[in-house]
Each structure stands twice: as structure tokens, then as C-alpha cells.
Amino acid sequence: MGPADRLAGLRARQVVDCRGQAVLPGLVDGHTHLYQALFRGLGEGLSIVPWLCTFMWPVSIAVTGEDAEAGARLAAAEALRAGITTVVDNHYAPTDLATVLRVAAVVEQAGLRGAVARGIVGERTPLAARRGQPDALFRHSSAEELELTREAVRRHPPGSKVEVWPAPLNLTYVGQDLVRAAVELAEELGTRWHTHCCEGSGDPAGYAEEYGVRPVAWLAAQGLLDARATLAHAVWLDEREIAQVGAAAAGVAHNPVSNAYLASGTAPLGALRAAGATVALGSDGPACGHRQDLFECMKQTVLNQRLHTLDPTVLRARDALEMATREGARYAGVDAGRLEPGRLADVIAVDLERSHLQPVHDVESTLVYAARGSDVVLTVVDGRIVHRDGHCVRVDERAAAAEVRQRAGELLARAGVPAGPAGPSPAPRPTR
Ligand SMILES: [Zn+2]
């Protein structure tokens with residue numbers, strides 16, 4: 001954790017033996033939806049728009065505040081087990097003040113740091129209606145959305161262990177005035193802001209048809225694109241938009257598993273990074289990422305880019321590690337991501353002595369291509385152990401899983417969505 005001479009005078013309250021382990025900065029999940037632990041395994045075989053219209057919106061409308069809290073608790077524990085220490089949880093169903101505060105409390109109680117990016121939709125736009133978004137999704141007026149967000153940020157201001165950020169849910173279908181107001185609110189309150197940005201291949205064309213301009217080009221032209229922006233996906237940008245995102249030093253959360261699962265496309269990571277964007281990695285939540293596992297995301301990031309470009313040098317293991325740690329921390333605005341004196345003490349250890357990781361010829365390659373989230377044996381956030389040897393210190397995972405299982409069954413029945421051919425899930429066993 002620092003030069004030996006700096007540590008020489010210190011007496012640790014607790015000594016952790018990490019021999020045979022890789023010690024690295026805690027991982028940053030730049031885009032997730034923790035409450036979606038309720039939906040894991042549903043919505044198979046659909047691309048993004050049908051996935052949203054036939055599965056995600058109908059079930060998310062039926063989610064209660066208690067459901068959201070339960071899902072977030074289970075996914076938070078899963079994240080900690082896999083060495084994630086910071087999350088950007090884009091929460092969007094339901095988004096009343098009490099639920100947002102409860103989800104933020106769950107994230108913090110579990111031991112994570114980060115932000116709950118409160119999903120904002122406002123009034124249904126003609127474009128949202130054409131894309132099949134149900135009216136029931138739009139519960140708050142634009143004025144109410146902004147007021148609720150302002151109050152939630154007041155309770156979790158910048159610098160909190162878990163902040164709240166404004167998050168117009170999707171750059172394409174949230175109205176332009178509300179996007180502008182949400183970004184201005186972030187500027188006024190000194191927070192970052194978050195949005196889904198050009199995830200689907202049809203997003204830019206649909207937007208251009210409605211507004212006569214591409215979505216990111218509009219943001220840039222309005223002066224709304226800056227280093228506070230954290231854009232999830234950014235798959236379908238043209239060259240000018242890539243340059244604009246880079247020039248603004250904006251953040252991008254790349255979600256390789258979700259993008260592959262929903263057949264959304266391959267983000268232009270090389271061009272975005274070269275242009276100056278800060279690129280983090282995201283799991284995109286249990287509904288389309290299925291695991292809160294950035295080891296999987298690191299590997300898929302490299303593999304997808306190589307497959308897409310047919311260039312084995314386009315991204316290396318080290319790049320993926322940087323995106324999951326250093327770049328992720330910069331994206332999220334947390335002073336972590338490096339093991340250096342003075343930084344936040346967010347540290348994880350990976351057991352390298354497991355048989356599928358041996359022998360270790362190149363530790364970076366081993367971590368990115370061979371390791372799994374379940375190889376993490378220690379997760380420390382803010383100097384406190386929150387997971388050790390498969391046991392989350394602050395979450396009763398069996399109880400959390402049992403609650404999610406029960407709530408998910410009731411939720412699907414309420415929403416009229418079948419549980420799928422696999423039927424009800426069996427009782428959980430401890431996982432390693
Ligand atoms: Zn998402």
C-alpha cells in the first residue's frame with residue numbers, strides 16, 4: 001500500500017496475509033441497474049427495443065419500492081464478492097424519493113461506494129411513444145422529476161460515499177428540454193450526470209428524424225457535453241460525435257456483455273479513447289449482463305474489440321485493467337483506482353493459487369483472461385473489509401436471495417410476464 005519507509009512506523013490493527021494473491025485497486029462498475037437482480041435470466045433472445053418493450057418496461061412498471069430495495073441488496077453483495085468497490089447504479093423503477101433514498105442506503109450499507117443515478121423520464125415524447133414505451137412508465141412531470149432529483153441530491157450531495165446524480169434515462173427518448181434541465185441541475189449542484197446514449201443502432205436515425213440532428217451532436221451544440229457527462233454505451237456515434245465526446249473529456253461506460261447479449265453492436269473504444277474520452281466498464285445490471293462481474297467484462301471488452309477489428313493488438317489486457325480501475329475511478333469521480341498513499345483505500349485481492357490460474361506467467365493476462373469474479377477473496381472499501389473468502393460482511397446473502405426469489409415470483413405474476421421455460425429457480429447454494 002505504500003513505500004516501506006512510510007509504513008514502517010505504522011501499527012496495523014489487522015494484518016491480512018495476501019501471499020499468493022494479486023492485490024489491486026477495487027473495480028469500478030460504471031453502469032449497472034442493481035434492482036434488476038429481480039429479472040436475471042428473463043428476456044432471452046431479444047434485441048434492445050423489443051427487449052425493452054416486451055420485457056423490461058412491463059416488469060419494471062410493476063416493481064415496488066420494496067422490490068427495488070431487495071434486488072439492489074442482492075446485487076450489491078454480488079458486486080462486492082466480485083471485487084467491485086464503486087458502482088454507478090442507474091436506478092429507474094420506481095423513482096419516488098423514498099425508493100431512491102432506500103436504494104442509496106442499501107448500496108452504502110452493503111459497503112459499496114458510488115452513485116445512484118436517478119432515472120428521469122418526464123412526459124412521454126412522441127418519439128418515446130413511437131418506440132413503444134408504455135404511458136405507465138411516465139409517472140412524474142418534468143418539474144416533479146427535477147424537484148425529486150434535487151431533493152435526493154440534497155440528501156446525498158457530492159462527496160458522499162453514495163452520491164445521487166441526475167440521469168435522464170435515455171438521450172434519445174427523454175425530451176430535449178428535460179435533458180437540458182437535468183444537465184443544468186447537475187452543473188448547479190456540482191454532480192456528474194448519467195444517461196443511456198446511442199445503445200441501439202436505430203437511436204441516431206430515429207432522433208434525427210424527430211429533431212433534425214444526431215443526439216450527441218445536439219448535446220455538444222447545446223454546450224451540455226462536458227467532463228461531468230457519463231454516457232452509458234455510446235455504441236452508435238459518428239466520427240464527429242466521437243471527436244465531440246473526446247474533446248469534452250466526457251465519460252463513457254462500455255458494457256461489452258450487455259452489448260453482445262442484446263446484439264446492440266461494438267462500441268468504438270479505440271477511437272473514443274484516442275479522442276480523449278474517459279472509458280469505464282459496466283456490467284449493465286443482472287437483466288442483460290447477468291453477472292456483476294467486471295472480470296468477465298474486462299475479458300469480453302478485449303475479445304469483442306479484437307473480433308470486430310480483426311486486430312489482436314487493438315486492446316491489451318493492461319488496457320482492460322486500466323478501464324476497470326484507474327479510468328473507472330476517474331469516470332465516477334472517486335479518488336481511487338490506484339494503489340498509492342493518500343488515495344481511498346479501496347483494495348481487492350485475487351487468489352492466484354487456484355488451479356485455473358496456474359501457472360502465472362503474466363499477471364495482467366491471468367487477471368483479465370483467466371480469472372473470474374469468484375476468485376476475489378478480499379474486498380476492502382474505505383479501509384474496511386466488506387467481503388472476505390466468499391462472505392459478505394454486511395449482507396445476509398441467503399436472506400437477500402430468498403427475498404428476491406419470493407418478490408420476483410410475485411412481481412412476474414403481477415406484471416403478467418411468464419418466468420420462462422426454466423420455471424421457478426431452485427433454492428440457492430453458496431457460490432464461490
Ligand atoms: Zn443500462
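Note that this is a predicted model, so its numbers are computed, not measured.

Thresholds applied
- Counting restarts for each chain: residues are numbered from 1 in the order of the written sequence.
- Local features in this predicted model are restricted to residues of pLDDT 70 or higher, and side-chain atom pairs are both shown and tallied only at a pLDDT of 80 or more, whereas totals for entire chains, interfaces and linings draw on every residue.
- Note that water and hydrogens are dropped before the side-chain values are worked out from all heavy atoms of the structure.
- The numbering of helices and of strands both runs from the N terminus, where a helix is a DSSP run of H or I of at least 4 residues and a strand a run of E of at least 2.
- The buried label goes to any residue with under 20% of its type's maximum accessible area, the exposed label to any with over 50%, and the partly exposed label to all in between, with areas taken from a 1.4 Å probe on protein chains only.
- Residue burial considers only the protein chains on display, and all accessible areas are found by Shrake-Rupley using a 1.4 Å probe.
- This count recognises Lys and Arg as positive and Asp and Glu as negative, with His and chain-terminal groups excluded.
- We put the charge of a Lys on NZ, of an Arg on CZ, of an Asp on CG and of a Glu on CD.
- UniProt positions are given in the numbering used here, feature names are shortened, and annotations may be inferred rather than shown by experiment.
- Two strands are counted as paired when DSSP detects at least two bridges linking them.
- Only nitrogen, oxygen and sulfur atoms within 2.8 Å of the metal, or 3.2 Å for Na, K and Ca, are treated as donors, and water is left out, so sites may look incomplete.
- Under this scheme a four-donor centre is tetrahedral when all angles range from 85 to 135 degrees, a four-donor centre is square planar and a six-donor centre octahedral when opposite donors are above 155 degrees with the rest from 65 to 115, and any other centre is irregular.
- To obtain an axis, a line is fitted to C-alpha atoms, over the contacting stretch when the element is a helix, and the angle between two such axes runs from 0 to 180 degrees between their N-to-C directions.
- For classification purposes, an angle smaller than 35 degrees is called roughly parallel, one larger than 145 roughly antiparallel, one from 65 to 115 roughly perpendicular, and anything else oblique.
- Whether two residues are in contact is decided by their heavy atoms: any pair within 4.5 Å suffices.
- Side-chain classes are defined by residue name, with Ala, Val, Leu, Ile, Met, Phe, Trp, Tyr, Cys and Pro counting as nonpolar, Asp, Glu, Lys and Arg as charged, and the others, Gly among them, as polar.
- As used here, the term nonpolar core means buried Ala, Val, Leu, Ile, Met, Phe, Trp, Tyr and Cys residues forming a set that is joined through side-chain atoms within 4.5 Å.

Turning to the overall build of the chain, a few remarks are in order. Along its length, the chain carries 18 helices and 13 strands. For the C-alpha atoms alone, the extent of the chain along its principal axes is close to 60 × 45 × 45 Å. Across the 432 residues of the chain, 55% fall into the buried class. Summing over all exposed atoms, the chain offers an accessible surface of approximately 17300 Å²; the carbon and sulfur share of this is 51%. Of the charged side chains in the chain, 44 are positive and 51 negative; the average position of the first set lies 5 Å away from that of the second.

With that settled, the discussion passes to the UniProt feature "domain: Amidohydrolase-related" (unreviewed entry) in the chain. According to UniProt, the "domain: Amidohydrolase-related" (unreviewed entry) feature falls on residues 23–386. Between the C-alpha atoms that bound residues 23–386 there is a distance of 15 Å. The span itself is 44% helix and 18% strand.

What follows concerns the sheet that holds strand β1 (residues 21–25). The strand order across the open sheet built from 5 strands is β1-β10-β11-β12-β13, with neighbouring strands paired in antiparallel fashion. Since the sheet does not close on itself, it has two edges, and those belong to β1 and β13 (391–392), each with one partner. Sheet topology note: the β1/strand β10 (residues 347–351) ladder contains 5 bridges and is antiparallel. Within β10, the position partnered with V23 by the bridge is A349.

Once that is clear, we can look at the coordination of the zinc ion. Here the zinc ion is held by the protein donor atoms H31 (NE2), H33 (NE2), H196 (NE2) and D284 (OD), which lie 2.1 to 2.2 Å from it. Here the zinc ion is ringed by 4 donor atoms whose angles at the metal span 85 to 167°, and the overall shape comes out irregular. Each donor residue of the zinc ion belongs to the same chain, with the gaps between them written as H-x1-H-x162-H-x87-D. With H33 in the loop between β2 (27–32) and α2 (48–62) and H196 in strand β6 (residues 193–197), this pair connects stretches of sequence that are 163 residues apart. Note on H196: relative accessible area 9%, which makes it buried.

The subject of this paragraph is unusual backbone geometry. For the bond from A93 to P94, the omega torsion is -20°, close enough to zero to count as cis. Within the element layout of this structure, P94 appears in the loop between β3 (84–91) and α4 (97–110). Here the bond from Q358 into P359 is cis, since omega is -15°, no more than 30 degrees from zero. Residue placement: P359 occurs in the loop between β10 and α17 (363–370). Located in the positive-phi region is A263, a residue other than glycine, with phi close to 50°. Note that A263 resides in the loop between α11 (256–261) and α12 (269–275). Phi angles above zero are rare outside glycine, and D389 is one such case at about 50°.

If a strand is regular, its side chains alternate between the two faces of the sheet. In terms of residue burial, β2 counts as a mostly covered element, since 6 of its 6 residues are buried. Two elements, β2 and β3, share 4 bridges in a ladder whose sense is parallel. If you follow D29 over to β3, its bridge partner there is V87.

Our focus in this paragraph is the packing of helix α14 (residues 294–309) against α17. The contact between α14 and α17 brings their axes to 7 Å, and the two run at 95°. Relative to α17, the element α14 is oriented roughly perpendicular. In contact with F295, M298, K299, V302 and R306 of α14, α17 contributes L367, V368 and Y369. Across the contact of α14 with α17, the residue classes tally to 6 nonpolar, no polar and 2 charged.

Another aspect to go through is the nonpolar core. Formed by 122 residues in total, the largest nonpolar core has its most connected members in F39, M56 and V245. Ranked by the residues each element gives to this core, the list is headed by helix α3 (residues 65–81), at 9 residues. By size, the runner-up hydrophobic cluster in this structure holds 13 residues, among which are W165, A167, A253 and Y331.

This part takes up the environment of I242. Turning to its location among the elements, I242 is positioned in helix α10 (residues 239–247). Overall, the relative accessible area of 10% leaves I242 in the buried class. If sequence neighbours within four positions are ignored, I242 has contacts with L237, P268, A271, L272 and A275.

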